[in-house]
Every structure is written in C-alpha cells, then in structure tokens.
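Structural features, examined
The lines below spell out each chain.
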Amino acid sequence: MVSYFTIDSISEVTNFQKEISNMMHGLGDNPNPNAATVVLVESIVLNQLRSMLQEAFNLSMNRGAKAITNYDIIYLMRKNKLKMKRLYDYQKKLDHIDKTRQGASDTILSGIILDDEKDPVLKTKRTHIDCIKEFDEADEVSQIKFDAVDYLRKVRAAKITESMSFEKYEAYHKARCCSFRSGYAIGKGFAKLEKWLNPNKELKITMSALEVLCFLAYETVAEIVDAVFLIRQDAKKKIGDPFSKFEGGHFCNPVSLNNAVYIKSGYEGVPAITVPEVREVLRRYFNPITGMNGLFYRNMSLDLPIRYLAI
C-alpha cells in the first residue's frame, strides 16, 4: 500500500498540474495556488485513481469481463449513496449536453446519412444511471434531496464572486469549468487521462469507466480543498469561546441561507493552501482506528484496507 505521507512528485511526462491548479482556484483557493501543493495534490489523485483501477481490474477479472467498465468503478462507490447521487446528477447533465449537441449536428448535417443510421440495430451501453439503479436496491439515491457539501461549495463560490470585476470573474469561471476531461470530444477528451493513469497500456479501460474516474478525480481535489477549510476553521478556536471558530471564517449552516454571511466575500486575501495543510488532511483521514490497529492488536502484519477520499 502506498504511504500517502511520504509522496514525492511523480516523474510523469503527462501531468494535470495546470488543471488541478485551476480546480483549486475554482474551489476557493488563492488565484495563484502554491506550486508544491499542486504537485502533492496531483500525486495523491494519481495514487488514489490507480488504486481504484487495480481493485476494478480484480472485479472485472472475477466477472469474466475483458475490460474495466463503469460497472466496476461504481461498484467501489456503492456504499456512499451521496456520491452516487452526485454521479447520477452528473450523468443527467451529460445527457442533456449530448442531446443539445446532437440536435445541433443534425441541423448542420441534414441530408447526410450517418454510420449509426445505416445499422438498424444499435448497441445499447449500460449507463451510469443503470449501474446505480442496479446497486441501489432500496432506492435510497433518488430519495436524497439535499447535498450539504455541494451546497457549501456553491455558497462559497457565490460569496467569492460578490465583489469581483468582470475580468477576474471570467478567469474564475474558467477555473470553475476546469476538469480532468481535456477536450469536448468523447474520444479525445479522455486520451490524456488514460495516458496519465495507464501509460503502459497494461489495463483495458472503457470510455464509460474513464468518465467515472474523471468525476472521482475532481471529487478528490474538492474533498482536499474542503477539508483544508475545515482545518483552518478549527485553527480559529479560542479557549473558553466555543463559537470563536465561526467568526468570519468559512462556516455556513447548510440548513439556513441566513448564516451564509459568515463566509467572507472575495478571495484575494485568502492565503494559498500549503503542503502542511494537505498533509494534515491526509493525517486526519488516514489515521488508523485505535481498536483495530492498536498496540496489542495481534494481526498487525495485515495491510489496512485502502480508503479513498472521493468514495
């Protein structure tokens, strides 16, 4: 198992440092994120996704599949209903975008017979929504009506853009739209991601699986940034004053919009996220349970189960 506390920069030709820098900016970090922090976050995301691919590969081998599909990746996140709900909504947005583009292409290419129209029987692929419905037997995903974490991110973005000029807002909007999908075309969009995760072509990964990995990679970056803000909030505690951490920080009660005033407007004065803050996030998240990995635990030689920030 990879030690997430001693990760150095990954010497890969393909990297997502520019994209991750923009994502951190869009999630509330300083407009000029720390370069060392970006490299560390990139290495964390890369190791997390490669661990997911290894588990997904074992699942695909057990069910006799020839390639890793979205079914194998979603199987890993089946216990986190909230993340499955976000993926469900993400699939709906992608379907809406595809329908819009398809309508535009049909208008432009009217009178031309496409290859799909020549074949009367089209192959139907298992979408992310189909996989989610298969794993969610109790229909818990559809019952989720409110996502507190996603709400906090939107409120933070709204407060950041309150007193922002048009030029700065345009740059911030581009950062908010940034993702691990390098292009709009389906084939070219995930080529860079596949080269980053699978440089030697050892694994066969479908486009649907890469789409889910793209979603989980962004969620990993977002979880790290959210956790750093929580650490900064805890650092504002004063002895004897239990409400001191809520004064002018990044606190917001997700139940009420009125409490959004506790978030400061503007982001230029926010210090850039540092490497020690990210390592503190990892220390808190990957801290082993005392009961299982305590001093007198007899089975100390066994590896701890792998944990993922985005799942």
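Above: the structure in question.
Since the structure is predicted, the reported quantities are computational estimates derived from the model, not experimental observations. (Residues numbered from 1 in each chain as written. Predicted model: local features only at pLDDT ≥ 70, side-chain atom pairs only at ≥ 80, totals over all residues. Heavy atoms only, no water.)

Observations concerning the overall build of the protein
- What the protein contains, in helices and strands, is 12 helices and zero strands.
- For the protein, the α and β elements follow one another from N to C terminus as α-α-α-α-α-α-α-α-α-α-α-α.
- A total of 311 residues make up the protein; the buried ones form 40% of that total.
- Sequence-distant contacts, at least 24 apart, represent 74% of the contacts inside the protein between residues at least 6 apart.
- Per element, the accessible surface of the protein, about 18400 Å² overall, is 55% carbon and sulfur. (Helix = DSSP H or I, 4+ residues; strand = E, 2+ residues; numbered from the N terminus. Buried < 20%, exposed > 50% of the residue type's maximum accessible area, 1.4 Å probe, protein only. Contact = heavy atoms within 4.5 Å. Areas by Shrake-Rupley, 256 points an atom, 1.4 Å probe, with all protein chains shown as cover.)

Looking at the nonpolar core
- Among the nonpolar cores identified, the biggest contains 61 residues, and Leu49, Phe180, Leu193, Trp196 and Leu216 are the most heavily contacted of them.
- At the level of secondary structure, the elements contributing two or more residues to this core comprise helix H1 (17-26), helix H2 (35-62), helix H3 (70-76), helix H4 (81-108), helix H6 (128-135), helix H10 (191-197), helix H11 (207-235) and helix H12 (275-285).
- Per-element accounting of this core gives the leading share, 15 residues, to H11.
- If we ignore the near neighbours within four places in the chain, the residues touching Leu193 are Phe16, Phe180, Leu210 and Cys214. (Core = buried A, V, L, I, M, F, W, Y, C linked by side-chain atoms within 4.5 Å.)

Topic: helix H7 (residues 148-160)
- Along its 13 residues, H7 runs 18 Å from first to last C-alpha, staying within 8% of the 18 Å computed at 1.5 Å per residue.
- The N-cap of H7, judged by a side-chain oxygen 3.3 Å from the amide nitrogen of Val149 a few residues on, is Asp147. (Expected span 1.5 Å × (residues − 1). Polar contact = N/O pair within 3.5 Å; in protein donor to acceptor, adjacent residues only side chain to side chain.)

Regarding the state of the cysteines
- Evaluated as defined, the whole model comprises zero disulfides.
- Left unpaired, Cys178 is separated from the closest cysteine sulfur, that of Cys177, by 8.9 Å.
- Looking at the unpaired Cys214, the closest cysteine sulfur is the one in Cys178, lying at 9.7 Å. (Disulfide = S-S within 2.5 Å.)

Some points on the pattern of salt bridges
- Using the criterion set out here, one finds 18 salt bridges in the structure.
- Lys154 serves as the salt-bridge partner of Asp150, at 3.2 Å between the closest nitrogen and oxygen. In this pair, Asp150 and Lys154 both sit in helix H7, four residues apart, roughly one turn of the helix.
- The exposure class assigned to Asp150 is partly exposed, which follows from its relative accessible area of 27%.
- Where salt bridges share partners, they join Lys83, Arg86, Asp147, Arg153, Arg156, Glu219, Glu223 and Asp226 into one cluster. (Salt bridge = Lys/Arg side-chain N within 4 Å of Asp/Glu carboxyl O.)

Thoughts on H2
- Across its 28 residues, H2 extends 41 Å between first and last C-alpha, which sits within 8% of the 40 Å expected from 1.5 Å per residue.
- Positioned one or two residues after H2, Gly64 has a phi angle of 75°, which is positive.

Section: unusual backbone geometry
- Unlike most non-glycine residues, Asp139 shows phi in positive territory, near 60°.
- With respect to the helices and strands, the residue Asp139 is situated in the loop between H6 and H7.
- Notably, Lys201 is not glycine yet its phi reads approximately 60°, a positive angle.
- Residue placement: Lys201 occurs in the loop between H10 and H11.
- Judged by relative accessible area, Lys201 falls into the exposed class, the value being 57%.

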